[in-house]
Amino acid sequence: MSDPTAPKTADLCDDHAGTAHFQVAEPGFLDYGGRRDFQGPISTVRAPEDNSLVRKALEEPGQGRVLVVDGGGSRRCALVGDQLAALAQKNGWAGVVVNGCIRDAEEVGRTAVGVKALGTHPLKSGKRNEGQRDEEVRFAGVTFTPGHYLYADADGIVTSAKSLH
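Residues numbered from 1 in each chain as written. Predicted model: local features only at pLDDT ≥ 70, side-chain atom pairs only at ≥ 80, totals over all residues. Heavy atoms only, no water.

(A) Spatial organisation of the overall build of the protein chain. Scanning the protein chain for helices and strands turns up four helices and 12 strands. Relative to a compact globule of 165 residues, whose C-alpha radius of gyration would be 15 Å, the protein chain shows 14 Å and is just as compact. Expressed as lengths along the three principal axes of its C-alpha atoms, the size of the protein chain is roughly 40 × 30 × 30 Å. The 165 residues of the protein chain split such that 50% are buried. (Helix = DSSP H or I, 4+ residues; strand = E, 2+ residues; numbered from the N terminus. Rg over C-alpha atoms; globule rule 2.2 N^0.38 Å. Buried < 20%, exposed > 50% of the residue type's maximum accessible area, 1.4 Å probe, protein only.)

(B) A look at the packing of aromatic side chains. Inspection of every chain in the model, using the stated rule, returns two aromatic pairs. Ring plane angle 50° and centroid distance 6.0 Å describe the contact between phenylalanine 29 and phenylalanine 139, whose orientation is recorded as tilted. Residue phenylalanine 29 is located in the loop between strand E1 (22–24) and strand E2 (30–31), and its partner phenylalanine 139 is located in strand E9 (residues 137–139); the two are separated by 110 residues in the primary sequence. Both residues of the pair, phenylalanine 29 and phenylalanine 139, belong to the buried class. (Phe/Tyr/Trp six-rings, centres within 6.5 Å; stacked < 30°, edge-to-face > 60°.)

(C) Representation of unusual backbone geometry in the model. If you check the backbone angles, aspartate 104 has positive phi at about 55° while not being a glycine. With respect to the helices and strands, aspartate 104 occurs in the loop between strand E6 (95–102) and helix H4 (105–108). We note that alanine 140 has phi near 55°; this positive angle belongs to a residue other than glycine. Counting through the fold element by element, alanine 140 comes out in the loop between E9 and strand E10 (142–144).

(D) Geometry of the pairing of strand E4 (residues 66–70). Burial runs high along E4: five of the five residues are buried. Burial along E4 is two-sided: Val66, Val68 and Asp70 and Leu67 and Val69, pointing in opposite directions, are all buried. Where strand E3 (residues 38–46) meets E4, five bridges bridge the pair, whose relative direction is parallel. Its bridge partner lying in E4, arginine 46 is registered against aspartate 70. (Pairing = 2+ DSSP bridges.)

(E) Main features of helix H3 (residues 82–90). Listed in full, the buried residues belonging to H3 are Leu84, Ala85, Leu87 and Ala88. All buried residues of H3 project into a common sector of 160° when viewed along the axis, lining one side. Residues of H3 that are exposed and point more than 90 degrees away from the buried face comprise Gln83 and Lys90. Buried residues in H3 make contact with helix H2 (52–58), strand E5 (78–80), E6 and H4. (Arc of directions from axis to C-beta. Contact = heavy atoms within 4.5 Å.)

(F) Quick look at the environment of arginine 103. In this structure, arginine 103 sits in the loop between E6 and H4. We classify arginine 103 as partly exposed; its relative accessible area is 25%. As for arginine 103 and alanine 78, which are separated by 25 residues in sequence, their C-alpha atoms are 5.7 Å apart. Beyond its immediate sequence surroundings of up to four residues, arginine 103 is in contact with Ala78, Val80, Gly81, Asp82, Val108, His121, Pro122, Leu123 and Lys124.

Next up, the structure:
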């Protein structure tokens with residue numbers, strides 16, 4: 001599902017690329033959620049093969065935010081699955097970007113939330129309450145800063161220190 005009123009990342013690049021407040025993520029993220037276009041203020045979790053803090057974040061009111069999950073690019077387990085995607089939808093999160101894998105891809109695709117990840121993996125993550133919350137994380141050539149804005153669609157992911165619409 002796509003939102004015809006959402007700003008397109010290509011248009012945002014045309015208007016803002018090269019400015020100090022704007023970053024473009026390297027490609028490689030695949031769309032899994034039921035929404036392909038999503039945007040909102042960034043919240044972050046560093047999750048080293050442990051999705052305990054991801055769940056805690058998604059249990060909070062999302063208020064249209066995007067949760068950026070830095071799983072270190074691990075392809076050894078999934079950090080988000082159908083239950084967490086449903087929780088994100090229920091609590092008003094606009095989307096989740098995972099620098100790692102998800103599972104339950106078909107069910108995740110039925111949610112009205114944007115989900116981008118590097119791939120899928122059937123194994124669930126550990127539950128050790130490890131990681132950090134709402135700190136800058138860096139991957140795909142971008143520094144994701146809590147409170148900055150993320151815009152995502154089928155073309156990719158861009159961020160800005162300020163709202164662009």
